[in-house]
Amino acid sequence: MPHSHDAADSIDDAMEANSSGIRALKISLVILLATTVLQGVVVVFSGSVALLADTIHNFSDALTAVPLWVAFVLGRRTASRRYTYGLGRAEDLAGLFIVFVVALSAIVAAWQSIDRIIHPQPIGNIGWVIAAGIIGFLGNEIVAVYRIRVGQRIGSAALVADGIHARTDGFTSLAVVAGGVGVLLGFPLADPIVGLIISAAIFILLIGTVRSVGRRLLDGVEPELVDKVAHALDHVEGIEHVDRIRLRWNGHRLEGDAVLTVNSRASRQQLDEVSAQAARSVREHLPNVDEFLVSTHARPSGRETATRVE
């Protein structure tokens, strides 16, 4: 698809991405809350701690949509004298809150499972427990597919990660089904044991989430994005050497700069042309870029120019 390089069009792309992200969060929030309510009703009648663990986890996942929603809304605000880069980083702070909520849900689920192993209690309505586990899987898978598709389209790593998280939660719901089958086969401890397995799976999942959020907070980017910028600059004639490429995420939008060396006999006009072409090429290869500053200099004269693409 062709991409415009005007600042106004870049702002429109960012606004459209925010709107799509908020819409995805609203729809997934409703689906997960409906799933949680159905599972919660079955928990009351069955007393299954495995299903309780899955219900608590699904409820906490539904709540994680709220801070992401707030972050997308804040990301709409323009830069100010106090926040000169805007408030896109609110998305990363929302990621930290999500990590805390999910970790807390895992602790609660594990505690309930351990207590049930120490103090066993009968479980009723096993058929409904199995049905609730299947409902949990379907609800999470629908949310996962939707979040991942929207996240990939607008370039939101947080939304994609949340979608992958939902998909993993769907498989923990299937573990509830396995626990229910174990109880039907005469092994009542299968229910709390599955609850512990779900808790452990949540903690394992958190490791990757913490790494992703931490990398964003430290201005880390995926190396393939830097490779894309380098590839985009390869298409520009007149560049002798790429001295530096820098990228950073500001929410789900990219910004960065590059320093280029061009032919030593290049005139000021030629420097400007190379800078403009380089900036356009980067924008075409990375449509998620909001701002990219290209600086070019000719050796040995040291003449330098810069072009900003927004």
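Everything discussed here concerns the structure shown above.
Everything in this summary refers to the structure shown in the same document. For clarity, every value in this text was computed on a predicted model and none was experimentally measured. (Residues numbered from 1 in each chain as written. Predicted model: local features only at pLDDT ≥ 70, side-chain atom pairs only at ≥ 80, totals over all residues. Heavy atoms only, no water.)

1. A closer look at the overall build of the protein
Line of reasoning, step 1. When helices and strands are tallied, the protein shows nine helices and four strands.
Line of reasoning, step 2. Going from the N terminus to the C terminus, the protein shows its helices and strands as α-α-α-α-α-α-α-α-β-β-α-β-β.
Line of reasoning, step 3. In the protein, buried positions account for 47% of the 310 residues.
Line of reasoning, step 4. Accessible surface computed for the protein: about 15,300 Å², of which carbon and sulfur atoms make up 64%. (Helix = DSSP H or I, 4+ residues; strand = E, 2+ residues; numbered from the N terminus. Buried < 20%, exposed > 50% of the residue type's maximum accessible area, 1.4 Å probe, protein only. Areas by Shrake-Rupley, 256 points an atom, 1.4 Å probe, with all protein chains shown as cover.)

2. Observations regarding the pairing of strand β2 (residues 253-262)
Line of reasoning, step 1. Most of β2 sits out of view: ten of its ten residues are buried.
Line of reasoning, step 2. Neither face of β2 is left uncovered, since the one carrying Arg253, Glu255, Asp257, Val259 and Thr261 and the one carrying Leu254, Gly256, Ala258, Leu260 and Val262 both have all their residues buried.
Line of reasoning, step 3. Here strand β1 (residues 239-250) pairs with β2 via ten bridges, running antiparallel. For histidine 241, the partnering residue across the bridge sits in β2 and is threonine 261.
Line of reasoning, step 4. With nine bridges connecting them, β2 and strand β3 (residues 289-298) associate as parallel partners. Counted as the bridge partner of glycine 256 is phenylalanine 292 from β3. (Pairing = 2+ DSSP bridges.)

3. Describing the side chain of serine 28
Line of reasoning, step 1. Position of serine 28 relative to the elements: it lies in helix α1 (residues 7-46).
Line of reasoning, step 2. The exposure class assigned to serine 28 is buried, which follows from its relative accessible area of 0%.
Line of reasoning, step 3. Not counting the four nearest positions on each side in its chain, serine 28 is found in contact with Val143 and Arg147. (Contact = heavy atoms within 4.5 Å.)

4. Brief notes about the environment of aspartate 272
Line of reasoning, step 1. Turning to its location among the elements, aspartate 272 is positioned in helix α9 (residues 268-285).
Line of reasoning, step 2. When the C-alpha atoms of aspartate 272 and valine 294 are compared, they prove to be 9.9 Å apart, with 22 residues separating the residues in sequence.

5. Let's talk about the packing of helix α8 (residues 223-234) against α9
Line of reasoning, step 1. Axis separation between α8 and α9 bottoms out at 8 Å; the angle between their running directions is 135 degrees. In terms of orientation, α8 and α9 fall into the oblique class. Viewed along their axes, α8 and α9 form a crossing whose handedness is right-handed. For the pair α8 and α9, contact is made by Lys228, Val229, His231, Ala232 and Leu233 and by Ala278, Ser281, Val282 and His285, respectively.
Line of reasoning, step 2. Class assignment for the residues of the contact of α8 with α9 results in five nonpolar, three polar and one charged. (Axes fitted to C-alpha atoms, helices over the stretch in contact; angles between N-to-C directions. Parallel < 35°, antiparallel > 145°, perpendicular 65-115°, else oblique. Left-handed = near helix turned anticlockwise from the far one by under 90°. Nonpolar A, V, L, I, M, F, W, Y, C, P; charged D, E, K, R; others polar.)

6. Thoughts on the nonpolar core
Line of reasoning, step 1. Core analysis: the biggest nonpolar cluster contains 34 residues, and Leu25, Leu51, Leu159 and Ile198 have the highest contact counts within it.
Line of reasoning, step 2. Counting only elements with at least two residues in this core, the list comes to α1, α2 (49-63), α3 (65-75), α4 (90-118), α5 (126-154), α6 (157-184) and α7 (190-217).
Line of reasoning, step 3. Beyond its immediate sequence surroundings of up to four residues, leucine 25 is in contact with Ala65, Leu68, Trp69, Phe72 and Leu159. (Core = buried A, V, L, I, M, F, W, Y, C linked by side-chain atoms within 4.5 Å.)

7. Let's talk about the environment of leucine 260
Line of reasoning, step 1. Mapped onto the elements of the fold, leucine 260 is located in strand β2.
Line of reasoning, step 2. Separated by 17 residues in sequence, leucine 260 and aspartate 243 place their C-alpha atoms 5.5 Å apart.
Line of reasoning, step 3. The residues contacting leucine 260, other than those within four sequence positions of it, are Leu233, Ile239, His241, Val242, Asp243, Ala278, Val294, Ser295, Thr296 and His297.

8. As for the packing of α3 against α4
Line of reasoning, step 1. Look at α3 against α4: their axes get within 8 Å of each other, and the N-to-C directions meet at 170 degrees. Put simply, α3 runs roughly antiparallel to α4. The residues of α4 that touch α3, namely those facing Pro67, Leu68, Ala71, Phe72 and Leu74, are Ala90, Glu91, Ala94, Phe97 and Ile98.

9. Points about a positive patch on the surface
Line of reasoning, step 1. On the surface, Arg23, Lys26, Arg76 and Arg153 cluster together into a positively charged patch.
Line of reasoning, step 2. Structurally, the position occupied by lysine 26 is in helix α1.
Line of reasoning, step 3. Since its relative accessible area comes to 41%, lysine 26 is described here as partly exposed. (Patch = residues over 30% accessible without salt bridge, like charges linked within 9 Å, V, L, I, M, F, W, Y side chains within 5 Å. Salt bridge = Lys/Arg side-chain N within 4 Å of Asp/Glu carboxyl O. Lys, Arg positive; Asp, Glu negative; His and termini not counted. Charge placed at Lys NZ, Arg CZ, Asp CG, Glu CD.)

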